[in-house]
Amino acid sequence: MIVLCTGCRSGFGLLIAETAARAGHTVYAGLRDLATKDELMARSKGLDVRPVQLDVVDPAQREAAVAAIVEEHGRIDALVNNAGIALGGFQEQIAEDELRRMFDVNVFAPFALTKLCLPHMRAQRSGVVINVTSMAGRQAMPGLGGYAGSKFALEGMTEALRHELRPFGVRVVLVEPGPYKTDIFGRNRRVAAASARPDDPYAEYQANMERLVEKMEAKMGDPQEVADLVVALLEEPRPRLRYPLGPGVNARLWARRLLPFEGVEQIVKRIVGF
Ligand SMILES: NC(=O)c1ccc[n+]([C@@H]2O[C@H](COP(=O)([O-])OP(=O)(O)OC[C@H]3O[C@@H](n4cnc5c(N)ncnc54)[C@H](OP(=O)(O)O)[C@@H]3O)[C@@H](O)[C@H]2O)c1
């Protein structure tokens, strides 16, 4: 298959590119900055991984990436919208442009990239779009509301897209990871600028949340699990819409299903200590 995956410098994207190529696919591995391709190249020696300049918020780069693939192969079989950013912060602390920037990467970019691929997939009457959302797209936690908003948005659009593309034989899938150890919690960790103010009214609340994340870090999953799932889904003829996976995810979904929101609220209150 001819696969385009975004955000392949680190984390899931890096592993998806390598794993998909090991499974025999030709992988166009999108990088926000081609100068960061070293690890990707080191891992994919001898494999058909082709790094491609693709800052997903740049319309010209999106068009060039898809056009180059279609010119070379006459087709595109899979799009994995994996690139994403998170922003920690309580909503009162988040600046509008910080929120917009996150929505640009997490919502508008996958929307636009999918639009570029669909004419080719519809013409082929085959193809798969895999959108990496998050458990945060199913359940919103305090201090991560902006991120949850972006993932809820992508969840809703993907659900509709699944209906829209069924008649054309194009599969649409959501992968919803819980916490996994990737650069999103390290090199790419972002928090709202205003959260660093000394008079911040959420300081104590925030300290609790940070302790919680530290505790969670010991229990985070191995991102290879997500890559293996995504690669298996490339060739799944009748995929479900949603694939939640990761530590603690089943318990969260069960609680959500069985309890009224007020019950979930009590659990969250106990977990975050406020
Ligand atoms: N790790 C988790 O626990 C977790 C859980 C649920 C969902 N997710 C989702 O999984 C996806 C992958 O994240 P990850 O955990 O693997 O984190 P990561 O290691 O930080 O990887 C994110 C990737 O996205 C790239 N990216 C960011 N902005 C981009 C842009 N404008 N254009 C192109 N690429 C861009 C990053 O490139 P640069 O580093 O060069 O900016 C990086 O390669 C994201 O959508 C994230 O929301 C992660």
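Above this text is the structure in question.
Residues numbered from 1 in each chain as written. Predicted model: local features only at pLDDT ≥ 70, side-chain atom pairs only at ≥ 80, totals over all residues.

Scanning the chain from terminus to terminus reveals 9 helices and 7 strands. In terms of overall size, the chain behaves like a compact globule, its C-alpha atoms giving a radius of gyration of 19 Å where 274 residues would be expected to give roughly 19 Å. In the chain, once contacts between residues fewer than 6 apart in sequence are set aside, the share between residues at least 24 apart is 73%. (Helix = DSSP H or I, 4+ residues; strand = E, 2+ residues; numbered from the N terminus. Rg over C-alpha atoms; globule rule 2.2 N^0.38 Å. Contact = placed C-beta atoms within 7 Å.)

Here we come to helix 9 (residues 261-272). With 12 residues, helix 9 should reach 16 Å at 1.5 Å per residue; the first-to-last C-alpha distance of 16 Å fits that figure. Among the 12 residues that make up helix 9, 0 are buried, leaving the element largely open to the surroundings. Just downstream of helix 9 lies glycine 273, where phi reads positive at about 75°. (Expected span 1.5 Å × (residues − 1). Buried ≥ 20, exposed ≤ 12 C-beta atoms within 10 Å, placed from the backbone.)

A separate point is unusual backbone geometry. Phi at arginine 125 takes a positive value of approximately 55°, unusual for a residue other than glycine. Residue classification places arginine 125 among the exposed positions, given that 10 C-beta atoms sit within 10 Å.

Turning next to the packing of helix 3 (residues 59-73) against helix 4 (residues 96-124). Where helix 3 contacts helix 4, the axes come no closer than 10 Å and their chain directions differ by 25°. Here helix 3 lies roughly parallel to helix 4, going by the angle between them. Crossing of helix 3 over helix 4 shows right-handed handedness. In this structure, helix 3 contributes Pro59, Arg62, Glu63, Val66 and Val70 to the contact, and helix 4 contributes Ala112, Leu113, Leu116, Cys117 and His120. For the contact of helix 3 with helix 4, the residue count by class is 7 nonpolar, 1 polar and 2 charged. (Axes fitted to C-alpha atoms, helices over the stretch in contact; angles between N-to-C directions. Parallel < 35°, antiparallel > 145°, perpendicular 65-115°, else oblique. Left-handed = near helix turned anticlockwise from the far one by under 90°. Nonpolar A, V, L, I, M, F, W, Y, C, P; charged D, E, K, R; others polar.)

The relative placement of two packed helices is expressed as an angle between their axes plus a distance between the axes. Running from amino to carboxyl end, helix 4 crosses helix 5 (residues 145-165) at an angle of 20°, the nearest separation of the two axes being 9 Å. Judged by the angle between their axes, helix 4 and helix 5 are roughly parallel. By crossing handedness, the relation of helix 4 to helix 5 is classed as right-handed. Of helix 5, the residues touching helix 4 (which contributes Leu99, Met102, Phe103, Asn106, Val107, Pro110 and Phe111) are Gly146, Tyr147, Ser150, Lys151, Ala153, Leu154 and Met157. Residue composition of the contact of helix 4 with helix 5, grouped by class: 10 nonpolar, 3 polar and 1 charged.

Of all residues adjacent to the ligand, which total 31 residues, the nearest are Gly7, Gly11, Gly84, Thr182 and Asp183. No other element matches helix 1 (residues 11-22), which puts 3 residues into the shell around the ligand. Per-class residue counts for the shell around the ligand are 14 nonpolar, 12 polar and 5 charged. (Near = placed C-beta within 6 Å.)

Turning to the nonpolar core, a few remarks are in order. In this structure, Val3, Cys5, Ile16, Ala17, Val27 and Ala29 are the most contacted members of the largest nonpolar core, which totals 59 residues. Looking at which element gives the most residues to this core, the answer is helix 1, with 7 residues. (Core = buried A, V, L, I, M, F, W, Y, C linked by C-beta atoms within 7 Å.)

Along the chain, the position of serine 44 falls in the loop between helix 2 (38-43) and strand 3 (49-53). Residue serine 44 is classed as buried on the basis of its C-beta count, with 23 C-beta atoms lying within 10 Å. Every residue in contact with serine 44, bar those within four places of it in the chain, is listed here: Ala17, Glu18, Ala21 and Val49.

Across the sheet, which stays open at both edges, the 7 strands sit in the order 3-2-1-4-5-6-7 with parallel pairing between neighbours. The open sheet terminates on both sides in strands that have one partner only, identified here as strand 3 and strand 7 (242-245). Looking at each pair of strands side by side, their axes are set apart by 20° on average, direction ignored. Judged from the 5 bridges that link them, strand 5 (residues 128-132) and strand 6 (residues 171-177) form a sheet pairing that is parallel. By the bridge assignment, isoleucine 130 is partnered in strand 6 with valine 173. Against the sheet, helix 7 (residues 224-234) engages strand 1 (2-5), strand 4 (78-81), strand 5, strand 6 and strand 7, with an angle of about 170° to strand 6. (Pairing = 2+ DSSP bridges.)

Side chains of strand 4 alternate between two faces, with Ala78 and Val80 and Leu79 and Asn81 buried alike. Note that strand 1 and strand 4 share 3 bridges and pair parallel. Following the sheet pairing, cysteine 5 is matched in strand 4 by valine 80. As defined by bridge partners, strand 4 adjoins strand 5 across 4 bridges and the pair is classed as parallel. Directly across from alanine 78, in strand 5, lies its bridge partner valine 128. At this point the chain moves from strand 4, through helix 4, to the parallel strand 5, and the crossover so formed is right-handed. (Right-handed = clockwise from strand over helix to strand, strands pointing away.)

Honestly, it's all geometry; don't read function into it.
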